[in-house]
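# A structural walkthrough
What follows is each chain in one-letter form.
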Amino acid sequence: QAFLKRSRNLQDRKEIRTRLEQLKEPMVIEEGCDLVMAGKWKEGLALLEPYKTSSFEKWWPLSYYLGVAYSRLGNKQEAIVMLKRVLSLTASHVESMQELAALYQSLGDKENEEKYANKAKLILDQRREEAMESPQAKGSQKKKKIRLVK
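Residues numbered from 1 in each chain as written. Predicted model: local features only at pLDDT ≥ 70, side-chain atom pairs only at ≥ 80, totals over all residues. Heavy atoms only, no water.

Below, the discussion takes up helix H7 (residues 110-133). The end-to-end C-alpha distance of H7, which contains 24 residues, comes to 34 Å, matching closely the 34 Å that a straight helix rising 1.5 Å per residue would cover. Turning to H7, its buried residues are Asn112, Glu113, Tyr116, Ala120 and Ile123. (Helix = DSSP H or I, 4+ residues; strand = E, 2+ residues; numbered from the N terminus. Expected span 1.5 Å × (residues − 1). Buried < 20%, exposed > 50% of the residue type's maximum accessible area, 1.4 Å probe, protein only.)

Below, the structure is given as structure tokens:
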């Protein structure tokens, strides 16, 4: 904003105004996500809900934090809808699977609880295996072996 007051270049001022306008909504969404992370479910939901059916609806963090807020406020069905949307956008989002498993557990839906808990476990196990097979992990394993030999 200070730049806009000082700049005499009209083209730069116009571009900065355009960029600032483009950032308004993402900044509100980020504030809403921060509120949800801080446990301020209602406040976060109030900021995030207007974007549920906006151009940001395909941004998975929006759906995730909406789902978490709905869940914590007891709106389990809406939470499930939002968390499933996350998985439709990013199929391996473990936190959403864990949230879904907990929601289904609270609803007494053992089949879906196990489904999402097992998917989350499978992905986490796969990530651990990949981490162990990575060149960095192998390099650190070699260093450990060398140290043991000394």
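All right, on to the packing of helix H3 (residues 41-48) against helix H4 (residues 60-72) then. Their axes nearest at 9 Å, the elements H3 and H4 cross at an angle of 140 degrees. Looking at the two axes, H3 sits oblique to H4. Crossing of H3 over H4 shows left-handed handedness. Contact residues: H3 offers Trp41, Leu45 and Leu48, while H4 offers Leu62, Tyr65, Leu66, Val68, Ala69, Tyr70 and Arg72. (Axes fitted to C-alpha atoms, helices over the stretch in contact; angles between N-to-C directions. Parallel < 35°, antiparallel > 145°, perpendicular 65-115°, else oblique. Left-handed = near helix turned anticlockwise from the far one by under 90°. Contact = heavy atoms within 4.5 Å.)

The next thing to look at is the environment of glutamate 78. The residue glutamate 78 is located in helix H5 (residues 76-89) in this model. With 12 residues separating them along the chain, glutamate 78 and leucine 66 place their C-alpha atoms 8.8 Å apart. Residues in contact with glutamate 78, not counting those within four places in the same chain, are Lys52 and Tyr70. Polar contacts involving the side chain of glutamate 78 include one to the side chain of lysine 52, which spans 2.9 Å. (Polar contact = N/O pair within 3.5 Å; in protein donor to acceptor, adjacent residues only side chain to side chain.)

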